[in-house]
Amino acid sequence: MTDDPEDIPDPVKPTTLQKLLRAYTPEDKQVGGESADYLKLQIDNTIRVVWQEAMKKSEERDAKRVEEQDVRAAFNEIFYPYTLLEEAATKMGEYQLELRRTANRSPILDLEVDEDE
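The rules we used
- Chains are numbered independently. Their residues run from 1 in the order of the written sequence.
- Local features in a predicted model are, by the rule used here, given only for residues with pLDDT of at least 70; side-chain atom pairs are given and counted only at 80 or more, and totals for whole chains, interfaces and linings are based on all residues.
- In computing side-chain values, all of the structure's heavy atoms are included and hydrogens and water are not.
- Between rings of Phe, Tyr and Trp, where Trp is taken as its six-membered ring, a pair exists when centres lie within 6.5 Å; planes separated by under 30 degrees are stacked, by over 60 edge-to-face, and by other angles tilted.
- Secondary structure counts use DSSP, requiring at least four H or I residues in a row for a helix and at least two E residues in a row for a strand, with both numbered from the N terminus.
- Accessible area is worked out with a 1.4 Å probe on protein chains only. A residue is then buried under 20% of its type maximum, exposed over 50%, and partly exposed in between.
- Residues are treated as being in contact if the distance between any of their heavy atoms lies within 4.5 Å.

## Notes on the packing of aromatic side chains
Next, step 1: A complete count under the given rule lists 1 aromatic pair for this structure.
Next, step 2: Pairing phenylalanine 75 with phenylalanine 79 gives two aromatic rings, centres 5.8 Å apart and planes at 15°, and the pair type is stacked.

Next comes the structure, spelled out in structure tokens:
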């Protein structure tokens, strides 16, 4: 494995990324150079981090090859905090609705809240 960035091939070609972004962008919008450059940097970083984690998963299995299951496990582990927060936010919204329904059924509680609050 090399540590010299000059020796590492470019996994995402800038022209290919520009074409892809144009395909996802409405005609009335422009694909900016700086935004595409930043996205490319993030894609490159994501590839590196996921692959490093996938290699660890492969080593844990004492395998000579990184398999799809290793990459899937790496994605799951890396994005777990985001997934957990997303699930928690969804659950809290469900709890909020249920609490309001319960409170609204009570003859003594007046918890009707303006939507602006």
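Next comes the rest of the account.
## Overview of the environment of arginine 65
Next, step 1: Note that arginine 65 resides in the loop between α2 (33-60) and α3 (68-78).
Next, step 2: For arginine 65, a relative accessible area of 59% corresponds to the exposed category.
Next, step 3: Separated by 10 residues in sequence, arginine 65 and methionine 55 have C-alpha atoms that sit 8.4 Å apart.
Next, step 4: Contact partners of arginine 65, with chain neighbours within four places excluded, come to Ser58 and Asp70.

Remember that the coordinates give geometry; whether it matters functionally is a separate question.
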